[in-house]
Every structure is written in structure tokens, then in C-alpha cells.
Amino acid sequence: MIGVRRSIYKSPAQLRLMVEPGLATAASLDAVEAAILVGVTTLDLDAAAERAIRAAGDKPNFPLERGYFHTICASINDEVVHGIPGARVLEPGDIVSIDSGAISPEGWNGDAARSFVLPGGDSATAAQREELNRVTEQSLWHGIAALSRAVHLNEVGAEIEDYILSQGRYGILTDYVGHGIGRRMHEDPPVFNYAVRERGPEVKPGLVVCIEPMVTLGGADTYIRSDGWTIVTEDGSAASHWEHTVAVHADGIWVLTAEDGGAAGLAPFGIEPVRPA
Ligand code: MG
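Here's what I pulled together on the structure shown here. On a predicted model such as this, the values are computed, not experimentally measured, just so you know.

## Section: the pairing of strand β14 (residues 244-249)
Logical step 1: With six of six residues buried, β14 lies mostly within the body of the structure.
Logical step 2: Side chains of β14 alternate between two faces, with His 244, Val 246 and Val 248 and Thr 245, Ala 247 and His 249 buried alike.
Logical step 3: Summarising the sheet, β14 and strand β15 (residues 252-255) pair through four bridges and their orientation is antiparallel. The partner of His 249 across the bridge, within β15, is Gly 252.

## Here we look at the sheet that holds β14
Logical step 1: Taking strand neighbours across the sheet as the criterion, the five strands line up as β8-β7-β9-β14-β15 in an open arrangement whose pairing is antiparallel. This sheet does not close on itself; its edge strands, each paired only once, are β8 (187-191) and β15. Neighbouring strand axes in the sheet, compared pairwise and without regard to direction, differ in orientation by 25 degrees on average.
Logical step 2: Of the strands in this sheet, β9 (208-211), β14 and β15 touch helix α3 (residues 123-149), which is tilted by about 15 degrees from β14.

## Observations concerning the environment of Thr 41
Logical step 1: Inspection of the secondary structure assignment puts Thr 41 in the loop between α1 (12-35) and α2 (42-55).
Logical step 2: Residue Thr 41 is classed as buried on the basis of its relative accessible area of 15%.

## Points about the nonpolar core
Logical step 1: Grouped together as the largest cluster of nonpolar side chains are 35 residues, with contacts concentrated most on Ile 144, Leu 147, Leu 153, Ile 164, Leu 207, Ile 211 and Leu 266.
Logical step 2: If you list the elements that add at least two residues to this core, you get α3, α4 (154-167), β9, β14 and β15.
Logical step 3: Residue contributions to this core peak at seven residues, all from α3.
Logical step 4: Contact partners of Leu 147, with chain neighbours within four places excluded, come to Leu 153, Val 156, Val 203, Leu 207, Val 209, Ile 211, Val 246 and Val 248.
Logical step 5: Counting 15 residues, the second largest nonpolar core, distinct from the first, contains Val 32, Ala 49, Ala 74 and Leu 90.

## Structural notes on α4
Logical step 1: Taking 1.5 Å of rise per residue, 14 residues should cover 20 Å, and α4 covers 21 Å from first to last C-alpha, within 8% of that figure.
Logical step 2: Within α4, the full set of buried residues consists of Asn 154, Val 156, Gly 157, Ile 160, Tyr 163 and Ile 164.
Logical step 3: Taken together, the buried residues of α4 touch α3, β6 (171-172), β8, β9 and β10 (214-216).
Logical step 4: Remark: Gly 168 follows α4 within two positions and exhibits a positive phi of approximately 145 degrees.

Thresholds, definitions, all that
- Once a new chain begins, its residue numbering starts again from 1 and follows that chain's sequence as written.
- With the structure being a predicted model, the display of local features is reserved for residues of pLDDT at least 70 and the display and counting of side-chain atom pairs for 80 or more, all residues being used for whole-chain, interface and lining totals.
- Hydrogens and waters are ignored; side-chain quantities use all the structure's heavy atoms.
- Exposed residues in this analysis have more than 50% of their type's maximum accessible area, buried residues have under 20%, and partly exposed residues fall in between, with area computed by a 1.4 Å probe over protein chains only.
- Secondary structure is summarised from DSSP: a helix means a run of H or I of at least four residues, a strand means a run of E of at least two, and numbering begins at the N terminus for each.
- Two strands qualify as a pair provided DSSP detects at least 2 bridges between them.
- Throughout, an axis means a line fitted to C-alpha atoms (over the contacting stretch in the case of helices), and angles, computed between N-to-C directions, take values from 0 to 180 degrees.
- Working rule for contacts: check all heavy atoms of both residues, and any pair within 4.5 Å makes them a contact.
- By convention a nonpolar core is built from buried Ala, Val, Leu, Ile, Met, Phe, Trp, Tyr and Cys residues, the set being connected through side-chain atoms within 4.5 Å.
- For a helix, the expected span equals 1.5 Å multiplied by the number of residues minus one.

Here you go:
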């Protein structure tokens, strides 16, 4: 559709249609969370996520990306994002990012990620990874809280970066960023996880974005493995990745990929999410 610029702002009716695939996405990550253990393969987790999405009446949306055939991405240790599920067996102390998404029969998308540190392994390494994972998840909630009061979208990335740097020495990926979402999983606008000069679009009713900080214990440089998908840290440091799909509407914000709309994560900020009416 050359020459036609679709608005990045959805109507109230469209926002309502995004609630269901958001919940199906959350259910798929709940299923992974229940299944993840030392000794399982990432393909086992992929099957659990797919079952949950289909049980909700939706379909996995990652296979809509050209050449991708799985429900989730599973990225272990120095893999940051876009790891392909396979026969690799999870080991004690692994940090695993699971990214999942669903598309509803009406054609609307959800997209979310959580990272898990498996029990066991070297205790110093495990403690570092647990802390990395806590900081990354909390940076996401700081970003969502910033969105709820932002005038322009770049306030989200500034808040995420400020919070992460206040917690210690971490690498924040700049090669990959969050995105708008709707009828396509990846839409405008880009959502930066760090401060940028361009203010970005106005944060106003109808904006739906995926905020997804990717944080490492080392540097921010990455490369793509020869499989053409997996993004790996250049220095071999471990990474964490958390993501939610968040809607801005007239009465507030709602985290579409959280069963409680983000109530628990936003409570420390004094923010009560409101379901789109
Ligand atoms: Mg995403």
C-alpha cells in the first residue's frame, strides 16, 4: 500500500479486540513457566506454549515471520533473543528468555517475553543472573510506568535506561528495540530501551506498543549466529529479556499480556491499570 500511511493509533473497538490475543500470549508463557525445568528441551517448551495458544482459540503468530516455524523463541545464556527451539537440554543455572505471541481469529496480535533462571549450577553465577533478571524485569515495569504518564514515547526508553544504570554495570542492547503492534506483530513506532533525542510519537489513546528491554551482564554488542536467527552477545555475557504489549486508552493504560492488566507490576508505582472499555 505505497503512499498510504496507516495511523499508529487504534480505535477503542480495535483495542478491545487486542485484549484476547494478549491473554492467550500470557497463557502461553504461563504454560512455559509451569513446564520449564532442568532436563527439558526448548522444543518441549515450544509445544507447551503452542498448546496453550490453540486452547485459547488463537494461533501462534511467530510463524507469520518469513521462514520461522516455531511458537516461541528460546534464548539461552549468551543468546539474547530469536533463539530457535530445538533438542538443547536446559542445564542448572541457565538463564532462558522465552518470547511468545498469539494472533486471534480476528487478526490481532499479542507479543510478550519472560526470562527464567534455572535452579542449581555455580552459586555466584546464579546469583548474578538472578540479579540481572530482576533488574531487566523491573526496567520493563519502569518503562510501562513511564508510558502511563509520558507525553512522548522517548520518555519510556529514558526511564528504562536510567533505572538500569542506577542498578549497576549492565549492557543495554541498542541493535534491537521494541515496536508497535496491531494487525501485524511488528508495526511502527520503534520503542527504544534507552534515551534518544527524537521525542517520538505522542503518547495518546490508541497507542499500543511492545516494550522489551534486552540487558546483559557485559557489553551491548551482538552478532547473528550462522542459523540466521539467534542473536548472541559478542563478549559471551549472559542476557535477560522481558516484554509486554501495552495499550494506552482514554482512561489509562492496560498491559494486554498480563492477566491482571499489570496491576501487580505497577502497584509499586501507584498506578492502577484500567481495562479498555
Ligand atoms: Mg516483540
